[in-house]
Amino acid sequence: MKGIKIRGMGRCVPERVVTNGDMAERVDTSDEWITSRTGIRRRHHCTGETHTSLCAGAARAALERSGVSPEEIGACIVATVTADNLVPSAACALQRELGLPGDIPCFDLSAACTGFLFALHTMECLLNASPRKFGLVVGADTLSRVTNWDDRGTCILFGDGAGAAVVECREGWPSIGAELGCHGDERLLRLPGVESGERSLISMEGTRVFKFAVEAVPWCMDRVLERSGYTLEDVDFFVFHQANARIIDLAARKYRIPPEKYYKNIAEYGNTSAASIPLVLSELEDMGRVGPGSRTLVVGFGGGLTWGGCVIEFTDGRV
Ligand code: UT7
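Since this is a predicted model, take the numbers as computed values, not measurements.

Caption draft 1: Focus on the overall build of the protein. Looking only at helices and strands, the protein features 10 helices and 13 strands. Its C-alpha atoms give the protein a radius of gyration of 18 Å, near enough to 20 Å, the size a compact globule of 319 residues would have. With 319 residues in all, the protein has 57% of them scored as buried. Put simply, of all contacts in the protein between residues at least 6 apart along the chain, 76% involve residues at least 24 apart. Total accessible area computed for the protein in this model is approximately 13300 Å², and 49% of it derives from carbon and sulfur atoms.

Caption draft 2: Examining the environment of Ser-110 more closely. With respect to the secondary-structure elements, Ser-110 resides in the loop between β5 (106-109) and α5 (115-128). Here the alpha-carbon distance between Ser-110 and Ala-79, two residues 31 residues apart in the chain, equals 5.9 Å. If we skip the residues at most four places from it in the chain, Ser-110 touches Thr-80 and Val-81.

Caption draft 3: Summary view of the state of the cysteines. Tallying each qualifying case throughout the model produces zero disulfides. Cys-12 takes part in no disulfide bond, and the closest cysteine sulfur, belonging to Cys-46, lies 8.7 Å away. No disulfide involves Cys-310; its sulfur sits 10 Å from that of Cys-220, the nearest cysteine.

Caption draft 4: Region of interest: the packing of aromatic side chains. One pass over the full model with this rule turns up two aromatic pairs. Arranged with centres 6.2 Å apart and planes meeting at 90°, the rings of Trp-219 and Trp-307 form a pair that is edge-to-face. In this pair, Trp-219 is assigned in helix α7 (residues 206-228) and Trp-307 in strand β13 (residues 306-313), connecting sequence segments 88 residues apart. On the accessibility criterion, Trp-219 (42% relative accessible area) is partly exposed. Through pairs of rings, three or more aromatic residues link up here, namely Phe-212, Trp-219 and Trp-307. Between Arg-26 and the ring centre of Trp-149, over which it is positioned, the NZ or CZ distance is 3.8 Å.

Caption draft 5: Quick look at the nonpolar core. Core analysis: the largest hydrophobic core is formed by 34 residues, its most contacted members being Ile-6, Phe-116, Leu-120, Val-167, Val-239, Leu-281 and Ile-312. Looking at this core, the elements with two or more residues in it are β1 (3-12), β4 (73-79), α5, β7 (160-170), β11 (237-240), α10 (276-287) and β13. With seven residues, α5 is the largest single contributor of residues to this core. Beyond its immediate sequence surroundings of up to four residues, Leu-120 is in contact with Ile-4, Val-137, Val-167, Ile-176, Cys-310 and Ile-312. Judged by nonpolar contacts, the second largest core, of 27 residues, contains Leu-188, Ala-243, Ala-251 and Val-311.

Caption draft 6: Expanded view of the side chain of Glu-285. Positionally, Glu-285 belongs in helix α10. Under the relative-accessibility criterion, Glu-285 is labelled buried at 9%. Side-chain polar atoms of Glu-285 contact the backbone nitrogen of Met-9, separated by 3.0 Å. Once residues lying within four places of it in the same chain are set aside, the contact partners of Glu-285 are Arg-7, Gly-8, Met-9, Arg-65, Val-290 and Phe-314.

Criteria and cut-off values
- Residues numbered from 1 in each chain as written.
- Predicted model: local features only at pLDDT ≥ 70, side-chain atom pairs only at ≥ 80, totals over all residues.
- Heavy atoms only, no water.
- Helix = DSSP H or I, 4+ residues; strand = E, 2+ residues; numbered from the N terminus.
- Rg over C-alpha atoms; globule rule 2.2 N^0.38 Å.
- Buried < 20%, exposed > 50% of the residue type's maximum accessible area, 1.4 Å probe, protein only.
- Contact = heavy atoms within 4.5 Å.
- Areas by Shrake-Rupley, 256 points an atom, 1.4 Å probe, with all protein chains shown as cover.
- Disulfide = S-S within 2.5 Å.
- Phe/Tyr/Trp six-rings, centres within 6.5 Å; stacked < 30°, edge-to-face > 60°.
- Lys NZ or Arg CZ within 6 Å of the ring centre and 35° of its normal.
- Core = buried A, V, L, I, M, F, W, Y, C linked by side-chain atoms within 4.5 Å.
- Polar contact = N/O pair within 3.5 Å; in protein donor to acceptor, adjacent residues only side chain to side chain.

Rendered as structure tokens:
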């Protein structure tokens, strides 16, 4: 089995910033409540941008960073639950926008906030069966379009954005060792589809999902460490899905992870669903906090319910 490493990340978020103060003008809430309960201060919402334009912006940045051309891509997966259209998929739209080859699989993957990790694992499998060595994995969501503005418990949480990774697959590299799981339960976190006849708006039992997340994160971390054989000390950086700063801080405290080894950008973006993890990775790469030679343990959880974790390494084409 060949393994994948990230060759370059990219990201794209809408220009419009919505502050907690803006939220308080729309629903019965306050900056103090949102900040103390979630860690969120701002989020970005689409106005002129589309899901496709966010994906394209992030993907172009990742291709440029990685030095890989669109013609070299062997497969494209977009993890999302809010594509502009069900058909054509976001990945097909991206293929057209970027001029990706016509003889490669391009498709969307639905695993909510864990989507990027499901997509990385799927990409590793695909590239193992492909003569091409590069893949494009995008996590993108525009949850502002499916926000229920009558529900102050959820509307303050979500932001829009896209993050992309160009990955490379090589003989001799270790697998990312993804540990993924699902538990079908539509009561806890739901976004109705066309068949339901309902308007497609998000609903969530926040406290119960919080409880699930607090248990899922260490469960995933332990499974990933056990499978990979790495210890906590072998990991250079920890990346968590940005759903709530308190969930991240609880995990960091439980594993005694020092502040310089994990990162939160939820204050700026809110919960961006499938974009959350690649947005973090892209910012960390820009800051030089992850890159070739470093090992990152990534954990995500979300609607489905879904959860997952894996170990990510970076390459500059030499290591
Ligand atoms: O990414 C997918 C996975 N999602 C998650 O991981 C989200 C996990 N859940 C959470 O992050 C938290 O449960 C929330 C941030 C969504 C909610 O925080 P909470 O501490 O669980 O609050 P709660 O829902 O228990 O509500 C506590 C109180 C309630 O008022 P009463 O009944 O105590 O009077 C709510 O009505 O806070 C009230 N409330 C608000 N007050 C001001 C709920 N939302 C708001 C609000 N502003 N926006």
